[in-house]
Amino acid sequence: RCPAMYPAGPAWPKLRVLRALWALLAVLLAPWRLWAKEDIQECIWHVVLIKFEAVGEEGRSDRFFDLEPLESLDSVFSLLVDAPTDQNEKYLGFPYYLKINYSCGGEVSSPEAQVRKGHLTGLKPLVLVTFQSPVNFHRWKIEQLQIQMEAAPFRSKERCNAEEVCAMSWYTPMPIKNGSVVMYVDVRSNGLGPFIQNKRFHVNINGFLQKQQDNTLQFTVGNEIFNLIPRYFINVPSRPLWHTVNQTPVLILGGIPDEKSVLLTDTSFTDFFLVELNIDSCWVGSFYCPQASFTATIYDAIATESTLFIRQNQLVYYFTGTYVTLHESNQGSGSWVRVLANECIKKLCPVHAHGNGSEYIMALTTGKREGYVHFGTITDGRVSFELLPRQRSVCEGLQVVNCSIIWAVFIAGDYNLLLLVQMEDPTTRKYFQVVSYDLVSNYLAILYTIPEFIPDARGLEFLMLLGTESHTTFLMVPKGMFYNQYSNLLYIWGNFLLQSYNYENFIYLADFPKEQSIKYLVNSFRGDMAIVTETEEIWYLLEGSYRMYKLFPSRGWEVHINLQVMHQSSVYTPNETMVTLFYEDTKLYQLVYLMKNQQGQLVKRHVPVEQLLMYQQLSNHYFFKRQGSHLTLSFTNFCPFSVMRLRDLPNPQVYSRQERYQARPPRVVEPSGFHNENSLAVYQGLVYYLLCLHSEYHKPYADRVHDSTWSWSNKKQDQDYYFYLASNSQSPGNVYIDMASYEKIYDLKADYELPERIFLDKGTSYVFSVFLRVGGQSLEFTPELLTSEELKSTVDLGVVLADPGCIEAVVKQKFLINRNSVLFRVTLSDKRSCFDQGLSGHHLLETSMLLKVAGAVGHCFQNTHQGPRMQGNLMVPVLIGCPPGKRLAFDITYTLQYNRLQNKHYFDCVRVDPEMPCFLFRDVFYPFFLIQDLVTGDSGSFQGSYVLKVVGGGPTLDTIREYSEEEIYRFNSPLDKTHSLIWTTKNTTTTKDSAFNIMSHQSLGIEWLCLENSPCYDAVPHTIFAPEFFFKVLVSNRGVDKSTYCDYQLIFLLHIHGLPLSAKRAFFILMVSSSVFIGLVTLYIIFCLLLPVMVKAWNSLRWKINNIIMSESYYTYTSRNCSGTSETRSTVSSRAGSSDSSKVAEANQRAPEQTWKKKPLVT
C-alpha cells in the first residue's frame, strides 16, 4: 500500500499541490533501490582495452586495431616443463587485454580503495565475450559463440609505498575470432563483495585506423578534430543513425552543418571521434541535376559491416575498412571512392537487415534518372550497384507522365523492393502509392494507394482503412517507410502512421497528432519503436498494439527531470540538444549535446521509457479518498495482474544455439593471489589454444568423444600430480593449470526469461509456461479469492504470430483458484511448410512470436534493482530452418565394428593410418554416420535417408582430382550404360529421376565395382602390395530426407586397398612372372648339372696354380742358400732338398691317383 499524502493546509494552491504530488509520488514509487540507497550502493563496472605489453599501466586505453597474434609466448611456456601443457605445441596469444575496475557512487574512499576492498572480500569479475556471426555465411561458418572467463587480479606497476598493493585491476584476455568484428563483453560479479549491476560493453574492431611511423594511430577516412564547437550541435536538428543492425563495428553520424565532418564510434557512442573526411567535394550541377544550393554537410551516412557510405549534395562515396578477420585481402579502400559519378542522387535509403550473405543500400535518383533506384550490394567489402527496374523506369511501368520515388525498402528474404512513389497527374492532385518490384521476375505491381486525406478516427485508437471511412481536411503527406523483417510489419510515416502485415491492408494509428510530422523511426527489432518528429518530439509504440505514448515533452519527462536534478545528475541540463536517438540491446538511448557553464559536452544517456510511462500513468489516474477528517491520495492500477513469471523453461542452448566455453585463469602460488605478467601470458596462450581447438573441430571423421576439448583428456589424468606440486609450491613458473577449467559448457540453465532468439527445425516445438497472479484494481492487495470465471474474465493471454502459415501456437490455461492465479501452457511449433532444406545456419526464415496479456500494454511494470521493467508483452524472434551448430560426421568407430562383424574379418592397410583406416575392396562396405550437435554435445546415429556419390579420387593423396558433373553421373548412377560404375548396392530405392541410389542406416551395403571405364579400374600397384585408391565421397540428404530442414553435406576421403587388376594387366603380370619363374628354374637346373664339372675344373686349375707357385719357391730358395753356406750346412741343405724333392715327386705321383678315385662318385 502506498503511504498517504496529506496537504499542508486548506490554502494550498491546487496546481502546486498536484505538481508536488507528482514529484513525491515518483520518489515513492521509484525502484526500491532509491529507497535503500544506504544499503545497496550504486556501483558500475568500467572496462577498457589495453595492449599486451601495457598491462599494469594506469590511465591508458587502446583502440581495437591490431589483430596479429603474439608469438612471444614460447619463452613463458618453455618454463612449464612439469605442467599439463605440450612442449611441442606453439602457443600464441591475443594482442589485447580487458582491464576491469568498478566504482561506487556515494563512497568517501578513493576508487583504488574500493577496488582493493572488493578484492579482499572475494570479488572476481566474470566476463562473457560474445562473438557476433558475420554477414557472409558463404565464407564463414555461422555460429553463436561465447567464452566465459574469470578476471585475474594484477598489481599496478606504479610506485607504491604500501607493503602489498596500492592500485590494482582485473585482467582477462580479449579474444579475437576470424569472421567476427563485433564483440559484446558482459561483466558481472561472482556474488562476493559489493553489489554491482551487470553491464554490457561493445568492444568492436576499428578497421579505419592505421599506424604511423611513430606508432601513433590515425584515421584513414580523414583527420580527427579535437574541438567540439557548439555550433556543430546547438539547435541543429537530430538525424537518424543508420547501420546494419548488430553487424556494424563502427557507426557513423553526419549532419554537422557546413562541415564535411562526421562522428565516428566503435563503442556505440560510449566514446567517439569527430573526423573531417578526406573527400574531394566536387559539387557539380548541370541541367539534368539541378541543385538549389551547395553545402559541405554530410546529409546521409550509413555504416555496414566493413564499409561506410556518405552522401554530400548529389555525390555518393564509400570507404572500405581494413578487416583481416573478414576479407581475404588485408587492404581497405585507402581513400574515399566516389560511385555513381554521372548520377544525381537525392537520398540514400538504408537496409537495416542483411540477407543472403550480403548487405544492401539504395540510392534514389533525380533528374534524368527519375523513377530509378540504384541498388547497392556489399559482399566482403566489395561494392556493386545495379539500376532498378531493369527494363524501364517506375514511371513508365505505372504509365504515368511524372513520378518520383520518395523512399525504398528492400525485403531480402523475398528479393522484393517496396517503393513509395509520388504520382503527378496534370488532371488531378498529387497522390502516393506503394509499389512492389520483384528482383527475380522483374514484375512491377501497385500494392496500395494512400488516401489523400487523413482518416477521421472519431475517438478510436486505430482505424482499419477499408475505403469507406470518413476523412478530415488534412492532407496525408508520406515521407518514408520502415519494415521489420521479424514481425513483417510495414510502416508508412509522415504526418500520420500506417502499419500493415501484408503490404495491402493498412491500419491507421490515431494517437499520433496530424499536426505533427515524423522525421525518422528507430526500432529495437524486439517489439519496441520510437518516433522522432520534426519538432524533436519523441513518441513510443509497442509493436502489436495501437496505443502511442508521448515521451518528450510530457508530464512523465518533467517528473523524471525533477528527480534527476534532485540526484544532481550530470547528464541532464536545462540547455541541451538531441543529436540522435537509437536502440542498443533493446534499450533506448539519446546522444545529447549539453551546455553547462559555457562548456559543451556530448553524452550518451539512457531514455527510461518504463519510468516515463509509469510516471504518466500515475499523474493521470489518481483520486482523493476521504479517511476521517482528511483526504488520502490513491491511485488506480490498470494492470490486470500483480505477478507475471515464466516457468518450465527448457534449457536455452537447444533453441538459442549458443555455444559457450569456459576458461579460468591459472592459479598462482603467491599467497596474495596477484598474478604477474608470465601468469597472464599463460592465460592468454591457453585461451588462444582453446579457441583453436574449437575452430579445428570440424573433421569429417567423428572423434571417439564428441567434444572439441577431448584431446586434453590425457592431460587431465595426471591432474592429481599437478595439484600435488602446486600444494607444495613446486609448480613450474609458480603457476598451477587446472585443465578442468578449460572446457565447453553444454548444460546452461534457463534464466527465467525467454532466449534472445529461438531456432526451430522441422516439426520441433518450444514449450514453456506463463504464470499470472491476479491482484486488485488498486495498489493495495486484495486477498479475496476469485472463481475460475472471474479469473478467466480478468486475465487472458494472446499470441501473435508474424507468419501463422509457418508456425503455430497452442495455449492451454489452468486455473489455480487457491492462489488467484492462472497458468498458461504455451507450445510454439513449426508447421513443416515454409522451408525446404538448407545448410546449417543458411537462409533462415525470420519470423517472430509476440505474447500479449490483454490490457497490459503501458500499464504493467515490474520493479527491479535496475529500474522498472515493462511486463505483459514479450516479443521473441523465431528463425525457421536448419539451426547453426549441426553437422554430419562419418562414424568411423561403429563402421569398423559393423564391417568386421558382417564380413567376419577386417584387413587394414600395411601402412596403418589411425586417422584414416582402410577398407578391403572385396568386402561389402557398410557406412554409418552421426548427427553431431556442437551446441548441446548430443551425438546420435543418422537415421534419415541420403545419397552417396564419389565426386573425386586418385591412387594417392597427392593425385586426387575432382570429377565433373558428367563423370559423377557415370561413376555413381545405376542408369549408366558406359561401364563406368565405381560402386553398386542391392538397394532398389532411388531418387525420383532414378539417377542415384538412396541409402540409409539400414542399407545392404556397398559393393565396389571399378568397371573398365571408371578411374579406379586397372590401378597400378606402386609396391609389391595390392593397389590402393582414395575416393572422395559426398554424402547429402537433400531432397531425400523429409525429417529435417537441414541439408547435411559431408565430404570425406575413403581409403580402399586390395583393388583387383585388369585382365590385360593381370595376364601381362602373369606372363612376366611365369617367364621369370621358368627362367629361374631353368637356371637352377643348369647350375646343378654344371656344378661338378665346374668344381673339377676349379680344382684342376687350383692344383696347377699351386704347383707352379711351389716350384718357383723351391728354386728360389735353393739358389739363395748354396752360395753363402759352409760345407756342413750345404750337406744338410742338400739332404733337406733331396728330401723335399722326393716329397714333391711323391705328391705329384699321388695326385693322378686321387683324381682317378673321385670320378666314379660323380657318375
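Note that the structure is a prediction, hence the values are computed from the model and not measured. (Residues numbered from 1 in each chain as written. Predicted model: local features only at pLDDT ≥ 70, side-chain atom pairs only at ≥ 80, totals over all residues. Heavy atoms only, no water.)

### Brief notes about helix α7 (residues 609–620)
For α7, which comprises 12 residues, the first-to-last C-alpha distance of 17 Å matches the rise-based estimate of 16 Å (1.5 Å per residue) to within 8%. Along α7, 10 of the 12 residues are buried, which leaves the element largely enclosed by surrounding structure. Within the sequence span of α7, burial applies to Val-609, Gln-611, Leu-612, Leu-613, Met-614, Tyr-615, Gln-616, Gln-617, Leu-618 and Ser-619. (Helix = DSSP H or I, 4+ residues; strand = E, 2+ residues; numbered from the N terminus. Expected span 1.5 Å × (residues − 1). Buried < 20%, exposed > 50% of the residue type's maximum accessible area, 1.4 Å probe, protein only.)

### Examining a nonpolar patch on the surface
Residues Phe-1077, Ile-1078, Val-1081, Tyr-1084, Ile-1085, Ile-1086, Leu-1089, Leu-1090 and Met-1094 make up a contiguous nonpolar surface patch of roughly 930 Å² in combined accessible area. Structurally, Leu-1090 can be placed in helix α15 (residues 1063–1122). (Patch = residues over 30% accessible without salt bridge, like charges linked within 9 Å, V, L, I, M, F, W, Y side chains within 5 Å. Areas by Shrake-Rupley, 256 points an atom, 1.4 Å probe, with all protein chains shown as cover. Salt bridge = Lys/Arg side-chain N within 4 Å of Asp/Glu carboxyl O.)

### A look at the sheet that holds strand β54 (residues 845–853)
On the basis of which strands lie adjacent, the open sheet formed by 4 strands has the order β49-β57-β54-β51 and mixed pairing. Looking at which strands have only one partner, the edges of the open sheet turn out to be β49 (758–760) and β51 (797–801). Recorded for the sheet is a direction-independent mean angle of 25° between the axes of neighbouring strands. As paired elements, β51 and β54 share 5 bridges and run antiparallel to each other. Bridged to Leu-801 within β54 is Met-849. (Pairing = 2+ DSSP bridges. Axes fitted to C-alpha atoms, helices over the stretch in contact; angles between N-to-C directions.)

### Notes on the confidence of the model for the protein
With 89% of its residues at a pLDDT of 70 or more, the protein has an overall mean of 86. Taken together, the stretch residues 1122–1163 has pLDDT below 50 and engages in 8 contacts with residues farther than four places along the chain or on a different chain. (pLDDT = per-residue confidence, 0-100. Contact = heavy atoms within 4.5 Å.)

### Quick look at helix α13 (residues 892–903)
Compared with an ideal rise of 1.5 Å per residue, which puts 12 residues at 16 Å, α13 spans 16 Å between its outermost C-alpha atoms and is within 8% of the ideal. For α13, the full list of buried residues reads Ile-892, Thr-895, Leu-896, Asn-899 and Asn-903. Along the long axis of α13, the arc covered by the buried residues comes to 100°, so they all point the same way. On its buried face, α13 is in contact with β58 (886–890) and β59 (918–920). Downstream of α13 by a residue or two, Lys-904 has a phi angle that is positive, lying close to 65°. (Arc of directions from axis to C-beta.)

### Section: the packing of helix α6 (residues 555–566) against α7
At their nearest, the axes of α6 and α7 sit 7 Å apart, and the two run at 110° to each other. As far as their axial angle goes, α7 and α6 are roughly perpendicular. At the point where α6 passes α7, the crossing takes the right-handed sense. Of the residues in α7, those touching α6 at Arg-555, Gly-556, Trp-557, Val-559, His-560 and Leu-563 are Gln-611, Leu-612, Tyr-615, Gln-616, Ser-619 and Asn-620. (Parallel < 35°, antiparallel > 145°, perpendicular 65-115°, else oblique. Left-handed = near helix turned anticlockwise from the far one by under 90°.)

### A few points about the pairing of strand β41 (residues 599–606)
The pairing of strand β40 (residues 587–596) with β41 spans 8 bridges and is antiparallel. Among the inter-strand pairings, Gln-590 is bridged to a residue of β41, identified as Arg-605. Following β40, the chain reverses through 2 residues before pairing antiparallel with β41; Asn-597 in that reversal takes a positive phi of roughly 55°.

### Brief notes about the state of the cysteines
Throughout this description, disulfide means a covalent bond between two cysteine sulfur atoms. Tallying each qualifying case throughout the model produces 7 disulfides. Sulfur-sulfur distance for the disulfide between Cys-43 and Cys-104 comes to 1.9 Å. On the sign convention where negative is left-handed, the bridge of Cys-43 and Cys-104, at about 100° about the S-S bond, is right-handed. Here Cys-43, found in strand β1 (residues 43–51), pairs with Cys-104, found in strand β2 (residues 96–104); they are 61 residues apart in sequence, far enough to count as distant. Using a relative accessible area of 3% as the deciding quantity, one classes Cys-43 as buried. Two residues, Cys-395 and Cys-403, share a disulfide whose sulfurs are 1.7 Å apart. Every disulfide takes its handedness from the sign of the S-S torsion; for Cys-395 and Cys-403 that torsion is -90°, giving left-handed. (Disulfide = S-S within 2.5 Å.)

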